[in-house]
Every structure is written in structure tokens, then in C-alpha cells.
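Below are the chains, spelled out letter by letter.
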Amino acid sequence: MRLRNNPQANDNLKKYPDLVYVIPENMRGKWHQSFGNDHPISIEIGMGKGDFIIHHALNEPDINFIGLEKYSTVMEKALRKVLNHEHLNNLCLVKDDAIRLGDIFSDHEIDRIYLNFSDPWPKSRHAKRRLTYQKYLDLYKKILKPGGSLIFKTDNRKLFEYSLVSIASDKEFIWDDVCLDLHHSDGYDDNIMTEYERKFSPFGPIYQLKVHVRG
């Protein structure tokens, strides 16, 4: 269920310019400078209400995290959670769309991309909107460093199958792992759940794949 739109959300985001970037193209190539260090940078595309990326930022202080979300009302929910944690200096938020990744990040600026429970766009005519469609894979390869990783989770079987084929067709990605039931398989105790994942995982398996860019 979608959140009711908050007409004040965008204005509220602008109150925190050091934490929320609403004109992120000004930061292209300057993200390490913004964080004040040269630590690896991980981004979550479509971060929702922020639980996943906040958990990572709290537990991995030597990695910089950027949460990308295009909906102001959703991002404001995440912002409120971030503000509950003082001195969380390795996390910032970007209000923008994944199609503009090349305008937001320079070539090879990112070390890891998380795609968690992306919109499956189930109709065939909408395939180009799926975040594992080739035009998006090309953007990921452009901003990821050689050897940089892409981690994808979904509960949608058809989207997972589509993504397997799409990524397998791109010879620049090297497979690291494929899991058909993340919550009931050995070796995945470090999995961090999103809000959506906690709510819907009892109703079916969670699928995950991990790849990295050749390099």
C-alpha cells in the first residue's frame, strides 16, 4: 500500500541540505569529498523507508552509504529515522530516479549497488522499466568500479527469472551467488531485511543474486 502523499515532504527534505541532496548532479564525482574520506561507497536504489541502509550504515562505519529514493513522501519517512541517530556521518540520502544515475555519479565512483524488492512491472510492455533491464545494467556498469558488486533481492519469481536472464546476457557481469530461498538456506545469517521483506517473507521465498563487474 502506497503512502498518502505529503505535500510538505519536499520542503521538509530541503531543511537538511547536508544530509539530503535534491539536486544531486552537483555532487557528481565529489561524493568522497562530501563524506570527507576515501572509504568505499555503497548505494541502495529505491531505499523505501530506510531500515536496510540505516542498519548497514550503523554497523559498517568504514563504508559510505547513499540511499536513492524518488518519492519525497517515502524519503521523508527515512529521513526521520536517520535523524534519530546522532553522528551517522557515513550516510546521506538522494532524491532522484535510477535512470539518472549517470548524472549523479561519475564513472567508477561506486563500489556496490543494492536493489531490494524493485517494482516488478509485470506487464511485458513495461519491461523497459524494470531495474534489471539492459539500459539500467549499462548504468550500473558505468558507475561501478571494476570488481564492484550488484546485489538484487525480490520476492517476485517472474522478476527474478527475468533478471537472471537479463544479467546472464551481459558478459561484463560475473556471477558470485544465486539463492532461491534466502531465509531458509544456510550461509545467509548476515542478511539484513527491508521493511517490505519483514512483512512479506512469510508468504513465500525471497530470491537473491550477487554479481560483480568484470575487471
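Coordinates for the structure precede this section.
Just so you know, these numbers come straight off a predicted model, no measurement behind them.

Rules of the game
- Residues numbered from 1 in each chain as written.
- Predicted model: local features only at pLDDT ≥ 70, side-chain atom pairs only at ≥ 80, totals over all residues.
- Heavy atoms only, no water.
- Helix = DSSP H or I, 4+ residues; strand = E, 2+ residues; numbered from the N terminus.
- Rg over C-alpha atoms; globule rule 2.2 N^0.38 Å.
- Contact = heavy atoms within 4.5 Å.
- Areas by Shrake-Rupley, 256 points an atom, 1.4 Å probe, with all protein chains shown as cover.
- Lys, Arg positive; Asp, Glu negative; His and termini not counted.
- Charge placed at Lys NZ, Arg CZ, Asp CG, Glu CD.
- Core = buried A, V, L, I, M, F, W, Y, C linked by side-chain atoms within 4.5 Å.
- Buried < 20%, exposed > 50% of the residue type's maximum accessible area, 1.4 Å probe, protein only.
- Polar contact = N/O pair within 3.5 Å; in protein donor to acceptor, adjacent residues only side chain to side chain.
- Patch = residues over 30% accessible without salt bridge, like charges linked within 9 Å, V, L, I, M, F, W, Y side chains within 5 Å.
- Salt bridge = Lys/Arg side-chain N within 4 Å of Asp/Glu carboxyl O.

Participant: Help me understand the overall build of the protein in this model?
Facilitator: Each helix and strand in the protein was counted, giving 8 helices and 8 strands. A compact globule built from 215 residues should have a C-alpha radius of gyration of about 17 Å, and the protein, at 17 Å, falls within 12% of that. C-alpha extents for the protein along the principal axes are approximately 40 × 40 × 35 Å. Residue pairs in contact within the protein that sit at least 24 positions apart in sequence constitute 77% of those at least 6 positions apart. Carbon and sulfur atoms make up 49% of the accessible area of the protein, which totals about 11,400 Å². For the protein, the distance from the average site of its 31 positive side-chain charges to the average site of its 31 negative ones is 9 Å.

Participant: Would you mind showing me how to read the nonpolar core here?
Facilitator: Inside soluble globular proteins, nonpolar side chains tend to come together where they are buried. With 35 residues, the main nonpolar core has Trp31, Ile43, Ile45, Ile113 and Tyr140 as its most contacted residues. Top contributing element to this core by residue count: helix H6 (residues 134–143), with 5 residues. Sequence-distant contacts of Ile113, that is, excluding residues within four places in its chain, are made with Ile43, Ile45, Tyr140, Ile143, Leu144, Ser149, Leu150 and Ile151.

Participant: Looking at this model, I keep getting lost on the side chain of Glu197. Mind explaining?
Facilitator: By the element assignment, Glu197 lies in helix H8 (residues 195–200). Here the side chain of Glu197 touches Lys153 through a polar contact of 2.7 Å, side chain to side chain. There is a polar contact of 3.0 Å between the side chain of Glu197 and the side chain of Asn191. The residues touching Glu197, leaving out its near neighbours within four places in the chain, are Phe117, Lys153, Leu182, His183, Asn191, Ile192 and Ile206.

Participant: Would you mind showing me how to read the side chain of Ser163 here?
Facilitator: As for its placement among the helices and strands, Ser163 is situated in helix H7 (residues 157–168). Here Ser163 is in contact with Thr132, Phe152 and Leu209, once residues within four sequence places are set aside.

Participant: Got a minute to help me understand a positive patch on the surface in this structure?
Facilitator: A grouping of Lys123, Arg125, Lys128, Arg129 and Lys135 is seen on the molecular surface, where their side chains present a positively charged patch. When you line up the elements, Lys135 lands in helix H6.

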